[in-house]
Amino acid sequence: MNTILDVKFVQGFIRMCNDGWEQGWHERNGGNLSYRMKPEEVREVEPFFSEKGEWREIGTSVPGLAGEYFMVTGSGKFFRNVILDPADSTCIIELDEKGENYRICWGLVNGGRPTSELPSHLMNHEVKKAATNGMHRVIYHAHTTNVIALTFVLPLKDEVFTRELWEMATECPVVFPDGIGVVGWMVPGGRDIAVATSELMKKYDVAIWAHHGMFCSGEDFDLTFGLMHTVEKSAEILVKMLSIRPDKLQTITPQNFRDLAVDFKVNLPEKFLYEK
Ligand code: 13P
Ligand code: ZN
């Protein structure tokens, strides 16, 4: 192990940033990514830590994450540049024993701070860690074009977004059977939007921010990127469909979804299978 960049989770983090950039979801500094490190991964990268920075306030309290380490993108940093110079664009942070402060252990070598959406990332991590028995480790925020477009024309309701996006591709209810939550427009970067988003994350793995983008949670980089990709692809189909003609000639029906749920062994909540 010559450098921290050889470590597997660091490589996975960098690749995911670049994949998101290539999808067109990260104009300028848009979007952010965080990964909750495993204890053995912390031990693996500790030898590369720089002198630890000052403790700084997270801006919210996440006691369920006390003492944990995260790899996070930097605020104002461009996803486009992560692959070229990860030590400039990303960092590893440690949380204190109360889950109220963080300090930088590695990265952001030219200065800066973790993403402005750190409160949302950490509150989502806290909820998901508890809800999945520690399985979920990745929180991803992207400015997904088609999902954003839909937030101008669909009612901002969990039931509507879930159902419309399920209908656009047969695999969707299998990939996100719990559905999608929607947060109405709010000022980003603070505690209030973090509270609203993490409340939805108790039920869903996907939360849409109206006129802004999406948050996804998952076990690893593949599953979380794949989830973002699946939802956004479905949104693209819906945008295309609505552009061709506003009504559907045929679609996947509520009973089709119930049949699918049996064969694919997923539970699809009835609240999404309403009659239109
Ligand atoms: P950061 O550059 O602070 O991560 O902010 C980007 C963003 O997408 C805010 O919602
Ligand atoms: Zn954003």
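About the thresholds
- Residues numbered from 1 in each chain as written.
- Chains lettered and ligands numbered in written order.
- Predicted model: local features only at pLDDT ≥ 70, side-chain atom pairs only at ≥ 80, totals over all residues.
- Heavy atoms only, no water.
- Pairing = 2+ DSSP bridges.
- Helix = DSSP H or I, 4+ residues; strand = E, 2+ residues; numbered from the N terminus.
- Contact = heavy atoms within 4.5 Å.
- Axes fitted to C-alpha atoms, helices over the stretch in contact; angles between N-to-C directions.
- Donors = N, O, S within 2.8 Å, 3.2 Å for Na, K, Ca; no water.
- Expected span 1.5 Å × (residues − 1).
- Buried < 20%, exposed > 50% of the residue type's maximum accessible area, 1.4 Å probe, protein only.
- Near = heavy atom within 4 Å.
- Polar contact = N/O pair within 3.5 Å; in protein donor to acceptor, adjacent residues only side chain to side chain.
- Areas by Shrake-Rupley, 256 points an atom, 1.4 Å probe, with all protein chains shown as cover.
- Nonpolar A, V, L, I, M, F, W, Y, C, P; charged D, E, K, R; others polar.
- 1 Å grid on protein atoms, 1.4 Å probe; cavity = no way out; pocket = protein on both sides within 12 Å on 5 of 7 lines; lining within 4 Å.
- Points joined across faces, edges and corners; volume = space filled by probe spheres on them.
- Phe/Tyr/Trp six-rings, centres within 6.5 Å; stacked < 30°, edge-to-face > 60°.
- Salt bridge = Lys/Arg side-chain N within 4 Å of Asp/Glu carboxyl O.

Asker: I'd love a proper account of the sheet that holds strand β5 (residues 101–107), names of residues and values included.
Answerer: One open sheet holds the nine strands; their spatial order is β2-β5-β4-β3-β1-β6-β9-β8-β7, and the pairing between them is mixed. Since the sheet does not close on itself, it has two edges, and those belong to β2 (56–57) and β7 (180–183), each with one partner. Strand direction decides the pairing type here: strand β1 (residues 32–36) and strand β3 (residues 69–73), joined by three bridges, are antiparallel. Across the sheet, Ser34 pairs through a bridge with Val72, a residue of β3. Packed onto the sheet, helix α10 (residues 221–244) meets β1, β6 (138–142), β7, β8 (206–209) and β9 (213–218) and runs at close to 145° relative to β9.

Asker: I'd like a description of the coordination of the zinc ion (ligand 2), backed by residues and values.
Answerer: At this site the zinc ion (ligand 2) is bound by His141 (NE2), His143 (NE2) and His212 (NE2), with donor distances of 2.1 Å. Sequence positions of the residues that donate to the zinc ion (ligand 2) give the spacing H-x1-H-x68-H. With His141 in strand β6 and His212 in the loop between β8 and β9, this pair connects stretches of sequence that are 71 residues apart.

Asker: Tell me about helix α5 (residues 118–131), and name the residues and values.
Answerer: Across its 14 residues, α5 extends 20 Å between first and last C-alpha, which sits within 8% of the 20 Å expected from 1.5 Å per residue. With respect to burial, α5 is a largely interior element, eleven of its 14 residues being buried. For α5, the complete set of buried residues consists of Leu118, Pro119, Ser120, His121, Leu122, Met123, Asn124, His125, Glu126, Val127 and Lys128. Looking one or two residues beyond α5, the residue adopting positive phi is Asn133, at roughly 55°.

Asker: Can you explain the site of ligand 1? Please cite residues and give values.
Answerer: Around ligand 1 sit Asn29, Gly30, Gly31, Asn32, Ser75, Gly76, Thr115, Ser116, Glu117, His141, His143 and His212, and that is every residue in its neighbourhood. Separating an oxygen atom of ligand 1 from a side-chain N or O atom of Ser75 is a distance of 2.7 Å. Residue His143 places a side-chain N or O atom 3.0 Å away from an oxygen atom belonging to ligand 1. Coverage of ligand 1 by the protein amounts to 91% of the 310 Å² it exposes when considered alone. Grouping the constituent residues of the shell around ligand 1 by class yields no nonpolar, eleven polar and one charged.

Asker: Residues and numbers for empty space enclosed by the protein, please.
Answerer: For the structure on display, the rule yields one cavity of 30 Å³ or more. Reported here for the largest cavity is a volume of approximately 40 Å³. In terms of lining, the largest cavity is formed by Val183, Gly184, Trp185, Met186, Ile193, Trp209, Ala210 and His212. Of the residues contributing to the lining of the largest cavity, the split by class is six nonpolar, two polar and no charged.

Asker: A description of the packing of aromatic side chains should follow, citing residues and the corresponding values.
Answerer: Any two aromatic rings considered together are summarised by their centre-to-centre distance and by the angle between their planes. Scanning the entire structure with this criterion turns up ten aromatic pairs. Both rings, one in Phe13 and one in Phe221, keep their centres 6.3 Å apart while their planes meet at 90°; by these two values the pair is edge-to-face. Separated by 208 residues along the polypeptide, Phe13 in helix α1 (residues 8–23) and Phe221 in helix α10 bring together distant segments of the chain. The buried category is assigned to Phe221, whose relative accessible area is 13%. Summarising the aromatic geometry, the rings of Trp166 and Phe257 are spaced 5.7 Å apart at their centres and angled 50° between planes, so their arrangement reads as tilted. Taken together, the residues Trp166 in helix α7 (residues 158–167) and Phe257 in helix α11 (residues 254–264) connect sequence positions 91 residues apart. Here the aromatic cluster, defined as three or more aromatic residues joined through ring pairs, consists of Phe9, Phe13, Tyr35 and Phe221.

Asker: Lay out the pattern of salt bridges with the relevant residues and their values.
Answerer: If you walk through the whole model with that rule in mind, you get 16 salt bridges. Between Glu94 and Lys52 there is a salt bridge, with its nearest N and O atoms 3.1 Å apart. Linking Glu94 in strand β4 (residues 90–95) with Lys52 in the loop between α2 (39–45) and β2, this pair joins segments that are 42 residues apart in sequence. With a relative accessible area of 11%, Glu94 lands in the buried category. By relative accessible area, which is 32% here, Lys52 ends up partly exposed. With a shortest N-O distance of 2.6 Å, Lys129 and Glu68 are connected by a salt bridge. With a gap of 61 residues between them, Lys129 in helix α5 and Glu68 in the loop between β2 and β3 connect regions that are remote in the sequence.

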